[in-house]
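Listed below are the residues making up each chain.
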Amino acid sequence: MGCSGCSTSRGCSTTSKNLPGGCKNNGSCGTGGCNKLSVFDWLANMELPNGQSQFDIVEIRFKNSRKEFFKNVNNLQLNVGDVVAVEASPGHDIGTVSIAGELVKLQMKKHNVNFDSVEIKKVYRKAKQTDIDKWQEAQKLEYNTMHRARTIAVKLGLQMKISDVEYQGDKTKAIFYYTADERVDFRELIKVMADEFKIRVEMRQIGARQEASRLGGIGSCGRELCCSTWLTDFRSVGTSAARYQQLSLNPLKLAGQCGKLKCCLNFELDSYLDALHDFPEVNNVKLETEKGRAFHQKTDIFRRTMFFSYTSEPDNFIALPVDRVKEIIDLNSKGEKPADLTVYTERKIVEKKLDYENVVGQDDVTRFDKKKKQNNKNKNRNNKKRNPNVSANTNPNTNQQQAKPNNNNNPRGNNNNRGRNNNRPKPNNAKPPQGPKND
């Protein structure tokens, strides 16, 4: 699994940018290199003492995570990213220099490889153009060969899964990586594939984690799998790691792409174990009080809090700090019992959290409505100050006056008050209506 700019996992160095799968970033990938387990040579800028020659062993990287050490017997000037032809059995193979110089010594010590070991093979030469062309042709055959080999294995009734194929640089040999739950007799398979592909076949069994590291993918965290980018030490992961971290034992959430428990469960396990040293043993913690016996329910490691419940009230959780739990245990060891556990609970002062994302109300949906109401109120106040004769029944939402002042000398009033005046009672001195005149 390479970086996001690569189509395959061959590399992005300055030399390999013209090779298949190179991302043409000239060695400046955003992920620190588009090859798995890219190593930063922090000794590259340091000069050797006078009279000391450069270390004659280099580390060569092949497809995916396969790396091996080779001896530079011809004293070639090799730098990181150079494509070289190395010794293989049989023939030769093509690889890329991943580490050169004094840093190789530290890597060999890390992997417990002896400097004078006879198993260390040789570097023949820097790869020629004909070698690179042949290597490219071999890489193009890997995908179709893998699917054809899977078909042959199914026809032979073998319970195995061929996950990857790696051709040798000279196209004379191929390594078939497979996974299987049980032991598989693939002797007949090797004969059929040797006749089918006209190459020498080597079968290599790998585990489920190694298969996931070779195939790569995206984890539930949204990032590339750790096993396909930097992780090399596949330690066993048990369910105890999830229990120590107070995680729910849900296999759907705890399982990775390989079907095993996620390797990241071991990353913070040491920190949790160190924090749990201050906590009393959960299985043996039973607090005796005058109210009754209390048993342990759960533990909050981050807040250093333990929750207890009385046997008579199992649904009532009482939070106690670790220090208070230790005090009660000491009292019980002396034969003393506290009155109640609630005496030892701490009163928490709830602080009001500042909403830094919406301090001035800029994200409020109704912020314009509030400003509009305030502006209408201010306008009404200003109108009252300017014209005190305005009726109090003014509608603030429409800003329209229901009764206008009588500014003219019309005794009948304006037209808006006609309906209101007709409903008023008539005075007593009003004249009765007169009938028609008789001529």
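This is a predicted model, so every value here is computed, not measured.

Trainee: For this particular structure, what's the right way to read a nonpolar patch on the surface?
Mentor: A grouping of Phe40, Trp42 and Leu106 is seen on the molecular surface, where their side chains present a nonpolar patch of about 380 Å² in accessible area. With respect to the secondary-structure elements, Leu106 resides in helix 1 (residues 103-110).

Trainee: Just checking my understanding: could you explain the packing of aromatic side chains for this structure?
Mentor: Each aromatic ring pair is specified by the distance between its two centres and by the angle formed by the two planes. Enumeration according to the criterion identifies six aromatic pairs in this entry. Arranged with centres 6.0 Å apart and planes meeting at 70°, the rings of Phe62 and Phe70 form a pair that is edge-to-face. On the accessibility criterion, Phe62 (5% relative accessible area) is buried. By relative accessible area, which is 1% here, Phe70 ends up buried. For the pair Tyr178 and Phe186, a centre-to-centre distance of 5.6 Å together with 70° between the ring planes defines the contact as edge-to-face. The ring of Tyr177 is capped by Arg214, whose NZ or CZ atom sits 3.7 Å from the centre of that ring.

Trainee: Honestly, the nonpolar core in this entry has me stumped. Any pointers?
Mentor: For soluble globular proteins, the rule of thumb is that nonpolar side chains tend to be buried together. Among the nonpolar cores identified, the biggest contains 21 residues, and Met160, Ile162, Phe176, Leu189, Met193 and Met203 are the most heavily contacted of them. Elements that contribute at least two residues to this core include exactly helix 3 (142-155), strand 6 (161-167), strand 7 (173-179), helix 4 (187-197) and strand 8 (200-205). Considering every element that reaches this core, the biggest residue donor is helix 3, with four residues. Setting aside anything within four residues of it in sequence, one finds Ile162 in contact with Met146, Ala149, Arg150, Phe176, Tyr177 and Tyr178. Counting residues in each nonpolar core, the second largest holds 14 residues, with Leu287, Met306, Leu341 and Tyr344 among its members.

What counts and what doesn't
Residues numbered from 1 in each chain as written. Predicted model: local features only at pLDDT ≥ 70, side-chain atom pairs only at ≥ 80, totals over all residues. Heavy atoms only, no water. Patch = residues over 30% accessible without salt bridge, like charges linked within 9 Å, V, L, I, M, F, W, Y side chains within 5 Å. Areas by Shrake-Rupley, 256 points an atom, 1.4 Å probe, with all protein chains shown as cover. Salt bridge = Lys/Arg side-chain N within 4 Å of Asp/Glu carboxyl O. Helix = DSSP H or I, 4+ residues; strand = E, 2+ residues; numbered from the N terminus. Phe/Tyr/Trp six-rings, centres within 6.5 Å; stacked < 30°, edge-to-face > 60°. Buried < 20%, exposed > 50% of the residue type's maximum accessible area, 1.4 Å probe, protein only. Lys NZ or Arg CZ within 6 Å of the ring centre and 35° of its normal. Core = buried A, V, L, I, M, F, W, Y, C linked by side-chain atoms within 4.5 Å. Contact = heavy atoms within 4.5 Å.

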